[in-house]
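# Examining the three-dimensional arrangement
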Amino acid sequence: MKNIVCIIWLVCCLCITGCWDKVELESRGFVVSLGIDGYEASEKEQSEQNKNDEQSRFNISISLPNVTAIASPGGGGEENKTVKSAVGRTVSSAMGKIDSLSSQKLFYGQTRVAVLGKDIIEDEQLFREAIDALQRNPEISKKIIILATDEKALDILNMKPANEPLTGIYISNFYENTKDTVLLLDLEKLTERLSYSGCAIILRVQLENDELKVGGAAVVKDLRLTGWLTEEESRSYLWITGKGKGMHIPTEQDNAYTTLKVNGSKSKLSFFEENEQILCRADISIEGNLEEYHFLQNALDDDKREAELSEIEKAYEELISKEIVNTFNILQNEYKADGFELSDKIRKFNYDIYRKYKKDEILDKIILEAKVTVKIHGTGSVM
Amino acid sequence: MLSYNDKASLRQIQILLVLDIFGTGIQVLPRRAAEYAGQDGWIAIIGATLLALFCVLIMTTLAKKFPDDSFFSYSSKIIGRPIAILISAGFVLKIFFSLALELRLFGEIIKEIMLGETPYLVVFLGITGVAAFAASKGFETRARMGEILIYLVLIPFTILIAFGLFEVDFTNLLPVMTSDPQDIARGSLWSGISFTGLEFVLFLYPYSANKKDLQKSLLHATMLIGFLMLFITIVALARFGPFRILHQMWPVLEMLKMIRLPGAFVERQDAFVMTFWIISVFSITGAGLFFSSLLTKDIIGKGKPSIYILASLPVIYILSRFPKDISMVYELQGKLFITMGIAYLFIIPFFLLIVANLRRLGEKS
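Predicted model, so just to flag it, every value in this text is computed and none were measured. (Residues numbered from 1 in each chain as written. Chains lettered and ligands numbered in written order. Predicted model: local features only at pLDDT ≥ 70, side-chain atom pairs only at ≥ 80, totals over all residues.)

## What about the overall build of chain A?
From N to C terminus, chain A includes 14 helices and 14 strands. Of all 383 residues assigned to chain A, the portion counted as buried reaches 37%. Here the contacts in chain A between residues at least 6 apart in sequence split such that 70% fall between residues at least 24 apart. (Helix = DSSP H or I, 4+ residues; strand = E, 2+ residues; numbered from the N terminus. Buried ≥ 20, exposed ≤ 12 C-beta atoms within 10 Å, placed from the backbone. Contact = placed C-beta atoms within 7 Å.)

Written out as structure tokens, the structure is:
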């Protein structure tokens, strides 16, 4: 009897093994990058939509790797990736439609990049919905890189970077290798900033001469685009947050150009109240190496050399300090956006000042003063 | 090692208490604390731990007056059998409701994270079937199992959270002590939901091999739980900040998902985390089924606990299907805590203790 019971138990165990939700690897489509655009139907499409009683608002595109082409030498004449897109009234419904276009079950757990098209960042409602859909989706990692473009996200996904198999992997690798020299903004940080102040600076991606160019930033205020920052302007954010390691800064000195390679930077923000204004002092210290100067014109004499270096340091101090204040002025006066997150820092470190003002008033009250110290520690292989 | 006398050592009882409390409540604790006290949420957890210690003190002071009696037995001695039946029946209901909500939450999270297509009933039967079998084997079996499970739950969980420390921004905890003290107090009270399971202290005395030191041991175990909760809350608050944490359904799970493990070849550690959590829910379910069956047996006065365990499963399943969605589960958990939870953690034990003292019943401390 015991043996029979034992056998029944074992058979039961065998029956309950396995997985209800299994998906074979080859049946899974790994979405590497995701593009979100707004959608406006043409007249013909509109009349067709009216029949279906659905008005599409989003155009979602995804990029899937073509594993066979990537793995085989020369790619066997096939494209490295497949870009699919579908329109829908919501982000999720469009994603669902793409799923039905594919023979594979789409999986967003490996998605590296989400590109927000111009129509999305310019429209508060669409932007809210897009970010909400991304953060609600349990498959999508909160670590995916968020990029903004003033073009169509679909065009960015369709772009094939030279010697790179996929746009998403290219951007993600680019980010990994240069994370201290570009604005790092993943979904987690974006939602954190938006939930506190509704402001964020999102890294920009553009198409330039059949290549992808990552640099500059979109400034988002009250959950919609208020303007763009150039590459140099967006660099100020890195100085304020104590980043920038690995960055190359060229400047003109004595009718020649020099380049400083940043080895490290530190930033300390202090806030004081003066005449109903909040004085923000940013003490930024930067260390680096001089990578370039003019050939055969460097002083060999130690004293002269030191004086020369000191002048170069001063030139950099002035340049960076101006750059920071200039960017802050653009953010404060033109875009009215707290891109440097100064009000949050005042809340954390000077709560007494913070509680005296309304949250919306704080940005207008701030006067930023940047005190930059640059130390050049090395001049490469020559004196 | 003690064997087959249904008694457990102090260490085993401490472990069981930790496992019985370390459940779904932990997943939402940082959000609950931040809802009331913002970045000072961690202070609310200290407050909640102090409240929990006070409740344990009351419950153990009462239970140690009747060290060999079950809850039903000593409450019958104190307030008479009819009222004891009412209180015990209420206790059984409270355990059923708690288990139902816990299991529903567990099923929802499993569905969301791991097994999207698996029916809830299968998940429910999977976990309750094993837990019911373990519970039917008695307290000693649970105690021995706890000794193994604690290493599988707490240690990896704590290590994983510790990895999270590398990616947190502790300035998110600033400014300190700026929240309204009333809000912190409210946060402390509501964070008490995470201590659901502490009321099982009322049942533990008859199973202890060392009744003399049990009170101290249980207080130590509660302090350990409080410390773990504080640690988790601080890390989660520092990770998400007091604003974003409010939008997180399961902040702790979300935080663990985002931790980058060294080596980085494991990308979906949430599945890894679920393993610890499945064990912990198994332990909580086992405890609930075990104690509710004992109470039912005492109330009815005959039958085997294993029959009552089996009979309780469909009831718990039906109760667990009642909430429409997760928000309703949280809402009901709150209502259950503020009514029956506080009643069985503090009001009833305190009332019984006062009556026992007035009537000079039980052993002197």
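We are not done yet, so read on.
## Concerning the overall build of chain B
A tally of helices and strands in chain B yields 13 helices and zero strands. N-terminal to C-terminal, the α/β element order of chain B is α-α-α-α-α-α-α-α-α-α-α-α-α. Each principal axis of the C-alpha distribution contributes one length, and for chain B these read about 55 × 45 × 45 Å. Counting all 365 residues of chain B, 51% fall into the buried class. Partitioning the contacts of chain B with sequence separation of at least 6, the portion at a separation of at least 24 is 83%.

## A short note on helix α9 (residues 187-197) of chain A
Residues and elements named next belong to chain A. Burial analysis of α9 places eight of its eleven residues in the buried class, which makes it a mostly covered element. Inspection of α9 places Leu187, Glu188, Leu190, Thr191, Glu192, Arg193, Leu194 and Ser197 among the buried residues, and these make up the whole buried set. Within two residues after α9, Gly198 carries a phi angle of roughly 75°, on the positive side.

## What about the sheet that holds strand β13 (residues 277-292) of chain A?
Residue and element names in this part refer to chain A. One open sheet holds the four strands; their spatial order is β11-β12-β13-β14, and the pairing between them is mixed. Edge strands, defined here as strands with exactly one partner in the open sheet, are β11 (248-253) and β14 (366-378). Within this sheet the neighbouring strands show an average axis-to-axis angle of 40°, counted without direction. Inspection of the sheet shows β11 paired to strand β12 (residues 256-274) by six bridges, in the antiparallel sense. In the sheet register, Pro250 faces β12, and the bridge partner there is Thr259. Against the sheet, helix α12 (residues 342-349) makes contact with β12, β13 and β14, and its axis sits at roughly 50° relative to β12, the strand it touches most. (Pairing = 2+ DSSP bridges. Axes fitted to C-alpha atoms, helices over the stretch in contact; angles between N-to-C directions.)

## Focus: the interface of chain B and chain A
Frequently, the measure chosen for interface size is the accessible area removed from exposure when the parts meet. Taken together, the contact pairs 16 residues of chain B with 15 residues of chain A. Contributing elements (two or more residues each) for the side of chain B that touches chain A: α5 (81-113) and α9 (214-244) of chain B. The dominant element in the side of chain B that touches chain A, judged by the number of residues it contributes, is α9(B), at three residues. For the side of chain B that touches chain A, the class distribution of residues is six nonpolar, six polar and four charged. (Nonpolar A, V, L, I, M, F, W, Y, C, P; charged D, E, K, R; others polar.)

## Looking at the packing of α5(B) against helix α6 (residues 120-136) of chain B
Residues and elements named next belong to chain B. Put simply, α5 and α6 touch, their axes get as near as 10 Å, and they point 120° apart. Of the possible angle classes, the one that applies to α5 and α6 is oblique. Handedness of the α5/α6 crossing: right-handed. Counting all contacts with α5, which are made through Leu103, Phe106, Gly107, Ile110 and Lys111, the residues of α6 involved are Tyr120, Val123, Phe124, Ile127 and Thr128. Class assignment of the residues belonging to the contact of α5 with α6 gives a composition of seven nonpolar, two polar and one charged. (Parallel < 35°, antiparallel > 145°, perpendicular 65-115°, else oblique. Left-handed = near helix turned anticlockwise from the far one by under 90°.)

## Some points on the domain arrangement of chain A
Residue and element names in this part refer to chain A. Entries for chain A in the domain assignment read domain 1 (28-229) and domain 2 (242-378). Between domain 1 and domain 2, the contact holds 13 residues from the first and 16 residues from the second. Of all the secondary-structure elements, those providing two or more residues to the side of domain 1 that touches domain 2 are α9, β9 (211-221) and β10 (224-229). A per-class count over the side of domain 1 that touches domain 2 returns five nonpolar, five polar and three charged. (Domains from an automatic or database assignment.)

## Considering α12(A)
When α12(A) is considered as a whole, its buried residues turn out to be Leu342(A), Ser343(A), Asp344(A), Ile346(A) and Arg347(A). Buried residues belonging to α12(A) abut α9, β12, β13, α13 (351-354), α14 (362-365) and β14 of chain A.

## Observations regarding unusual backbone geometry
Cis rather than trans, the peptide bond between Leu174(B) and Pro175(B) has omega equal to -10°. Mapped onto the elements of the fold, Pro175(B) is located in the loop between α7 (139-164) and α8 (181-191). With phi around 60°, Leu223(A) is a residue other than glycine that occupies positive phi space. Its identity is not glycine, yet Glu341(A) carries a phi of approximately 55°, on the positive side. Structurally, the position occupied by Glu341(A) is in the loop between α11 (302-334) and α12. The class of Glu341(A) is buried, set by 20 C-beta atoms lying within 10 Å.

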